[in-house]
Amino acid sequence: MDSTSVSKRIFIPHTDVVPGCSIAGVLQQSRPGEPTDGKSIALILHGTMGHKDYLYQKRLALRLPVDSFRFDFRGNHETPGTWRQGALADDVADLDVVVKYLISQFGYKIDLVVGHSRGSIIAFHWLCTSEEGKAVTGFVNCSGRYRMHKIYDNLLPIYKPHFDTRGFYDWKVTVARKEMVARIFPTDLETFANWDTSIVWDRFPANTHALSLHGLNDKTVPPYDATIYARALGTRAPGTHNLYLIEDADHNFTGRQDDIVDTILEWWQLCERGDLKTGVWRTGVRGKL
């Protein structure tokens, strides 16, 4: 990180469709004195019931050689609203609002997107469907789910008794050291499971380089989903895809977060130099050295 790097808290007003909602985020500027018009910026997206500073997100922002923006999706941490398991379309709308604000107010060019879990799913959809997404140079997919219906495997046995007796399940979780309850209805799981990830096969930008990171001890999203993304994105040209499997890492890369940051930075450096080739990153499964 450059010694002059500064963090600025920003609240981005949402559209009129969501009155009174401002998206809370942090703009990390590596060289704050430079003009931002036409400058590259990275977006860092959190996962389910996460927030802008958890896991590796803040560490990555502090070490990236480009400016970055990390934020809380609607209903998460400092951004108001109601979080819903199935509201993936709302997350896409939030991302679109953020992108348009950074472009219109600062003149930034979205050059890199890094998503974790649900954040990866949202980023994939945005990259495949937006005009701005077509111009993104690089995308990092951390623990991203492809087979959406597999969510039933882990969660339905837990939720179903509550669905049958109460009609919903109250998920008690700690977010940024605060206890909260997320209410989940059967329709939420159904909407989530029916989200279309297959669009990556024909609509993911041909020029965007992608890196998929996945822990082989991931009990939330099966590691095989990363290989599906490798198949879907590995035959594009000139865009490349690299697959990086980490032997002893879980869904959140517990204890391996510095390794994740190092890997992203190394990959991005090669990406900017034009030295990437499709294949398995670092030539194989990687564990603790």
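Residues numbered from 1 in each chain as written. Predicted model: local features only at pLDDT ≥ 70, side-chain atom pairs only at ≥ 80, totals over all residues. Heavy atoms only, no water.

Student: For this particular structure, what's the right way to read the overall build of the protein chain?
Tutor: Within the protein chain one finds eight helices and eleven strands. By its C-alpha atoms, the protein chain is 55 × 45 × 35 Å across when sized along the principal axes. Residues counted as buried form 55% of the 289 residues belonging to the protein chain. In the protein chain, the share of contacts with a sequence separation of at least 24, taken over all contacts with a separation of at least 6, comes to 75%. In the form shown here, the protein chain has an accessible surface area of approximately 12,700 Å², with 52% of it arising from carbon and sulfur atoms. Taking the average place of the 34 positive charges on the side chains of the protein chain and the average place of its 34 negative ones, the gap between the two points comes to 3 Å. (Helix = DSSP H or I, 4+ residues; strand = E, 2+ residues; numbered from the N terminus. Buried < 20%, exposed > 50% of the residue type's maximum accessible area, 1.4 Å probe, protein only. Contact = heavy atoms within 4.5 Å. Areas by Shrake-Rupley, 256 points an atom, 1.4 Å probe, with all protein chains shown as cover. Lys, Arg positive; Asp, Glu negative; His and termini not counted. Charge placed at Lys NZ, Arg CZ, Asp CG, Glu CD.)

Student: Is there a simple way to think about the pairing of strand S10 (residues 241–246) in this case?
Tutor: Counted residue by residue, S10 has six buried out of six residues, so it is predominantly covered. Taking every second residue as pointing to the same face, both faces of S10 are buried, with His241, Leu243 and Leu245 on one and Asn242, Tyr244 and Ile246 on the other. The sheet contact formed by strand S9 (residues 209–215) and S10 spans six bridges and is parallel. Across the sheet, Ser212 pairs through a bridge with Leu243, a residue of S10. For the handedness criterion, the β-α-β arrangement of S9, helix H7 (residues 224–233) and S10 is classed as right-handed. Chirality of the crossover, the property in question, places the unit of S10, helix H8 (residues 257–273) and strand S11 (residues 279–280) among those that are left-handed. (Pairing = 2+ DSSP bridges. Right-handed = clockwise from strand over helix to strand, strands pointing away.)

Student: What is the right way to read the sheet that holds strand S6 (residues 138–142) from this model?
Tutor: In sheet architecture, strand pairing relies on hydrogen bonds along the backbone and comes in two forms, parallel and antiparallel. Strand order in the open sheet made by the nine strands is S1-S2-S4-S3-S5-S6-S9-S10-S11, with mixed pairing throughout. With one partner strand each, in any of the chains shown, strand S1 (6–13) and S11 form the two edges of the open sheet. The sheet contact formed by strand S5 (residues 109–116) and S6 spans five bridges and is parallel. Looking at the pairing, Gly115 lines up with Asn141 of S6. Sitting on the sheet, H7 is in contact with S6, S9 and S10, with an inclination near 165° to S10. (Axes fitted to C-alpha atoms, helices over the stretch in contact; angles between N-to-C directions.)

Student: Sorry if this is basic, but what is going on with the packing of aromatic side chains here?
Tutor: Summed over all chains, the structure comprises 14 aromatic pairs. The rings of Phe124, Phe139, Tyr146, Phe204 and Tyr229 are connected pair by pair, giving a single aromatic cluster. (Phe/Tyr/Trp six-rings, centres within 6.5 Å; stacked < 30°, edge-to-face > 60°.)

Student: Looking at this structure, I do not really get the packing of helix H4 (residues 151–166) against helix H5 (residues 186–193). What am I missing?
Tutor: Running from amino to carboxyl end, H4 crosses H5 at an angle of 165°, the nearest separation of the two axes being 11 Å. As summarised for this structure, H4 and H5 are arranged roughly antiparallel, according to the angle between their axes. As for how H4 packs across H5, the hand of that crossing is left-handed. Touching Ile151, Tyr152, Leu155, Leu156, Tyr159 and Phe163 of H4 are Pro186, Leu189, Glu190, Phe192 and Ala193, all from H5. (Parallel < 35°, antiparallel > 145°, perpendicular 65-115°, else oblique. Left-handed = near helix turned anticlockwise from the far one by under 90°.)

Student: What should I look at first to understand the layout of surface pockets in this one?
Tutor: A volume near 580 Å³ is recorded for the largest pocket. Considering the residues around the largest pocket, the lining is formed by 29 residues, among which Thr48, Ser117, Trp171, Thr220 and His251 are closest to the centre. (1 Å grid on protein atoms, 1.4 Å probe; cavity = no way out; pocket = protein on both sides within 12 Å on 5 of 7 lines; lining within 4 Å. Points joined across faces, edges and corners; volume = space filled by probe spheres on them.)

Student: When you look at the side chain of His46 in this model, what are you seeing that I'm missing?
Tutor: You can see His46 is positioned in the loop between strand S3 (40–45) and helix H1 (57–63). Within the local environment of His46, its side chain forms a polar contact with the backbone nitrogen of Phe73, the two atoms lying 3.0 Å apart. Among residues more than four places away in sequence, those in contact with His46 are His51, Lys52, Tyr54, Gln57, Phe71, Asp72, Phe73, Asn76, His116, Arg118 and Gly119. (Polar contact = N/O pair within 3.5 Å; in protein donor to acceptor, adjacent residues only side chain to side chain.)

Student: When you look at the pattern of salt bridges in this model, what are you seeing that I'm missing?
Tutor: Between side chains of opposite charge, a pair can form when the charged atoms approach closely. Per the stated rule, a full pass over the model turns up 24 salt bridges. The shortest N-O distance in the salt bridge between Lys109 and Asp111 comes to 2.9 Å. On the basis of relative accessible area, Lys109 is assigned to the partly exposed category, the value being 33%. Judged by relative accessible area, Asp111 falls into the buried class, the value being 9%. Lys160 is the partner of Asp164 in a salt bridge, and the nearest nitrogen-oxygen pair spans 2.9 Å. Taken together, the positions of Asp164 and Lys160, both in helix H4 and four residues apart, correspond to about one turn of that helix. Look at Asp164 and you get exposed, because its relative accessible area is 55%. (Salt bridge = Lys/Arg side-chain N within 4 Å of Asp/Glu carboxyl O.)

From the geometry alone we can't say anything about function, so treat these as descriptive.
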